[in-house]
Amino acid sequence: AAVAVGLVVPRSVGNAITAADTDPSTSNAFQDSGGTLGPLIESSSAPSMVASSPPSLAPSTPPSISEEPSIAPSTTPTSVPSRLPSRTPTISPSNEATKAPSASATPTVSAAPSVPPPSQTPTASFVPTTGLPSLLPSQLPSKSPSLAPTTAAPSLSAVPSVSVAADETFGFYLMGDIPYAPWEEGMLNDQIANITKTRRLNTHFTVHVGDIQKPARTSCVPNTYTKMHRALVKGPLPTFVVPGDNDWFDCPEPEESLELFRDTLTYLEDDWYASPSTVFPDDVVRMMVSHNEEYPELFTFTHHGILFVSIHLIDTKPTVDSDKFDDDGSIPEGADPVWDEWTHRMAANIDWFWKAMGDYATAEGNGSAPQLKAVVMFGHGQISADTKEFFQAIRPAFFSSNPRLITLPILYLHGDGHKWDIDDRIRNQLSWPSFLDVQVDQGAFADPCIVEIATNPNTPLTVEYENQYVFVDGLFRIDRQRGRYPARG
């Protein structure tokens, strides 16, 4: 794969990835393409939701998004306030789907011309043997986009004991920040109905990345959550919802609102998966989903070598009065309940991500999961000086003693900013060339995105028409569909 490819769409124009971005000593790090994750993290049989010995929350020379320093908790909390639902989730090292989908090829859009073959025969692995994958879009959308990939697409080297449909491309729908206004409730219903009528083949689930209301309008009353539940369960696909700040933190009674969210929208996928009467189309796969015990809105599952992980990240770090600080500058446990909640939740997010990576390492090592190709992470909050500490804390998972992980693609999909954006600040500031940050449009101004992932090494995804973006040499494609609508009153 080429080392430098493509352009960046606004907000900012980033630099193409070049060989100078990598350490020369790791340039041949992926020659052992058949290896496992190796000594990434020790996986325990029963997860601790708060890391007892958390990874460092900053790299050795941490850059900064702004002049404001990132404040990490001075100590790891030893316990997390219990907000458990009555059920206990099942956590399994292997979260692979229970059945393989049909091996039918993903259909092309009828209006789009056929895709010419790549100029070279794909070789090796989606994880390149040298250099870095191209994480930036292969091209900006245009009225006449090129349909051919800009470089030869690398192929997938899978663990032989795992059966993978050779010609499958699978995907999911992605939405967020809707509904804020009464007319948006009708739009959400229309969007869900449209997914039912026009669902793309081999799309397996839907994700809403948070903010299901405007608290100033709804006051976060219980009916807001039940109404959202009724709207989403009309969809044809199992649906996951991650919480946004509007869903509890900005509500008049935050703790009560978080419980309402958990009671009505966490485990929402069980309305499809747990119902014996649910009949899925032949191309839809039932995912084996695990939830965090203390923070059940955190979930994880895997499919075809892609690890999916959710985090509860909102860009609302609390401000603490100066009189609550100790002489050493730390904030003691119990001095500020809002601060305690932030630190507990941040530690749980970090621990949950590390556990998911460790569980996958175990499954890959025993042959029950294919070689990890990429990580897709769902959250609400955009990356800022307040939320950056989470990404600083998980970065060591990819810069560990196993060099194969250094260029492992990680795609963070979120809402919060309300406008489509491909942000390269963390990639640049944390020297993390394989990190990709994509913010989706506010749901009122765009159809749900369709995120597609290629599993066939011989058929990388390409840009077929306007408003599509391709990443990592054809591994990911995000289709914004009709883009951004004109503003309404």
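So, here's what we can say about the structure. (Residues numbered from 1 in each chain as written. Predicted model: local features only at pLDDT ≥ 70, side-chain atom pairs only at ≥ 80, totals over all residues. Heavy atoms only, no water.)

**What to know about the sheet that holds strand β5 (residues 299–303)**
The sheet built from seven strands is open, its strands ordered β4-β5-β6-β7-β8-β10-β9 with mixed pairing. The sheet is open, and its two borders are formed by β4 (290–291) and β9 (421–423), each paired with just one other strand. One ladder, built from four bridges, connects strand β7 (residues 374–378) with strand β8 (residues 410–414); its direction is parallel. Bridge assignment links Met 377 to a residue of β8, and that residue is Tyr 412. Packing of helix α6 (residues 337–365) onto the sheet brings it into contact with β4, β5, β6 (306–310), β7 and β8, and relative to β6 it is tilted by some 160 degrees. (Pairing = 2+ DSSP bridges. Helix = DSSP H or I, 4+ residues; strand = E, 2+ residues; numbered from the N terminus. Contact = heavy atoms within 4.5 Å. Axes fitted to C-alpha atoms, helices over the stretch in contact; angles between N-to-C directions.)

**Let's talk about the sheet that holds strand β12 (residues 468–471)**
Strand order in the open sheet formed by six strands is β3-β2-β1-β11-β13-β12, with mixed pairing between adjacent strands. At either end of the open sheet lies a strand with only one pairing partner, and these are β3 (239–241) and β12. Averaged over all pairs of adjacent strands, the angle between their axes in this sheet comes to 20 degrees, without regard to strand direction. Where strand β2 (residues 203–208) and β3 come together, three bridges link them in parallel fashion. Looking at the pairing, Thr 206 lines up with Thr 239 of β3.

**Focus: the packing of aromatic side chains**
Overall, the coordinates contain 23 aromatic pairs when judged by the stated rule. Geometrically, the ring pair formed by Phe 205 and Phe 308 is edge-to-face, given 5.6 Å between the ring centres and 85 degrees between the ring planes. Taken together, the residues span a long stretch of sequence, with Phe 205 in strand β2 and Phe 308 in strand β6 at a distance of 103 residues. As far as the burial class goes, Phe 205 and Phe 308 line up, both buried. (Phe/Tyr/Trp six-rings, centres within 6.5 Å; stacked < 30°, edge-to-face > 60°. Buried < 20%, exposed > 50% of the residue type's maximum accessible area, 1.4 Å probe, protein only.)

**Structural notes on the pairing of β5**
Of all five residues that make up β5, five are buried, and the element is covered over most of its length. Neither face of β5 is left uncovered, since the one carrying Phe 299, Phe 301 and His 303 and the one carrying Thr 300 and Thr 302 both have all their residues buried. With two bridges connecting them, β4 and β5 associate as antiparallel partners. By the bridge assignment for β5, Ser 290 is matched with Thr 300. Pairing of β5 with β6, which is carried by four bridges, proceeds in the antiparallel orientation. Looking at β6, one finds that Phe 301 is bridged to Phe 308.

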